[in-house]
Amino acid sequence: MHYAPGIDPCPLPFSPFKSCTVPRPIGWLSTISKGGIHNLAPYSQWQNLTFDPPMVMFAANQYPDGRRKDTVVNAEETGWFVWNMATYALRDAVNLSAMALPPEEDEFVHAGVTKAACLSAPGARVAESPAHFECRYLSTHRLPGNSAAGWVDVVYGQVMHIHVDDKVILPTGKLDIAAIQPLARMGYYDYARITETFEMRIPHATGQAEDGLEGKA
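So, how was this worked out
- Residues numbered from 1 in each chain as written.
- Predicted model: local features only at pLDDT ≥ 70, side-chain atom pairs only at ≥ 80, totals over all residues.
- Heavy atoms only, no water.
- Salt bridge = Lys/Arg side-chain N within 4 Å of Asp/Glu carboxyl O.
- Buried < 20%, exposed > 50% of the residue type's maximum accessible area, 1.4 Å probe, protein only.
- Core = buried A, V, L, I, M, F, W, Y, C linked by side-chain atoms within 4.5 Å.
- Helix = DSSP H or I, 4+ residues; strand = E, 2+ residues; numbered from the N terminus.
- Contact = heavy atoms within 4.5 Å.

Draft legend 1. Fine view of the pattern of salt bridges. The tally for this structure, following the rule as stated, stands at eight salt bridges. Arg68 is the salt-bridge partner of Glu76, the closest N and O atoms lying 2.7 Å from each other. Among the residues examined, Arg68 registers a relative accessible area of 28% and is labelled partly exposed. The residue Asp106 makes a salt bridge to Lys115 at a minimum N-O spacing of 2.9 Å. Take Asp106: its relative accessible area is 21%, and that puts it in the partly exposed class. Salt bridges sharing common partners tie together Arg68, Glu76, Arg142 and Asp153.

See below:
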C-alpha cells in the first residue's frame, strides 16, 4: 500500500499516520487564564526537546472555526503551562478533560481532580498525578494547514521545576514506571499503558542515557 497524503485518497478507512507514530506520550497540560479560570487538557503531540536546560514542546491544532486552544492562549498570556503525568489510574479524568468545554468552565472540577499549588506557575498541578513539570513559556511557532483544523500552534517551554511523588521513586533513584503505568496514545481511540520496561545499553558508549549523555548516533 502507498499513497501521498493531501494528493491521493487514503486507501484505508482510517488514516495510518497516527497509528504509525506510536506510542505517543501524553501532554496532560494545566494552565490558567488571565481571568483566573483553570484549564486542563491532554495533548498527544507532546515531547521533550533537550536536557540542558530541559525543554519541551506541544502541538495544538486549532478548532475548525479558527479558534485557538485555550491551553495555547493561556500559556502565551500568563507565561506558564504545567505538564501532569497521565497514568492508567487517571485515565477517566484524562478522557473527561479532553472534552471541548467553554473557556469559562473549570476543567479540574469537570475532570474530578484536585488542584495542587505550583512554585512558580500561576496555575495548578493535578494533585493525583505522580509527576509534574512547571514550564515557562518560550515561544509559539504557527504552522499552516490544508484546512482550518489543520493549522497548528507548536508551543515551546523550558522546565523550571520538576515535582515527583516520593512514593514512585525506587531505592535505585529511578522512577517505578511499572507501578506508575503511564498512559500513551495510539491511533484511532486506542491507548496503551506501560507495565514493564527493559534496558539496553549502547556498546562502548561513553556515558549513560539517564545521566544526560547519549551514545553516538
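Draft legend 2. View of the nonpolar core. Within the largest apolar cluster, 19 residues are counted, with the highest numbers of intra-cluster contacts made by Leu29, Trp46, Phe58 and Phe81. Listing elements by their share of this core, those giving two or more residues are strand E3 (38-43), strand E5 (54-61), helix H2 (70-78), strand E6 (80-84), strand E9 (131-143) and strand E10 (152-164). Once you skip the residues sitting within four places of it in the chain, Trp46 turns out to touch Pro25, Ile26, Gly27, Leu29, Val56, Met57, Phe58, Phe81, Trp83 and Phe133. Counting residues in hydrophobic clusters, the runner-up holds 13 residues, among them Leu40, Ala111, Val113 and Leu183.

Draft legend 3. Layout of unusual backbone geometry. Note the cis peptide between Val22 and Pro23, where omega equals -10°. In this structure, Pro23 sits in the loop between helix H1 (17-20) and strand E1 (24-25). Cis geometry is adopted by the peptide bond preceding Pro53, which originates at Asp52 and carries an omega value of 5°. Tracing the backbone through its elements, the reader meets Pro53 in the loop between strand E4 (46-51) and E5. Phi is positive for Gln181, which is not a glycine, with a value near 55°. A positive phi angle, close to 60°, is found at Tyr188, a residue other than glycine.

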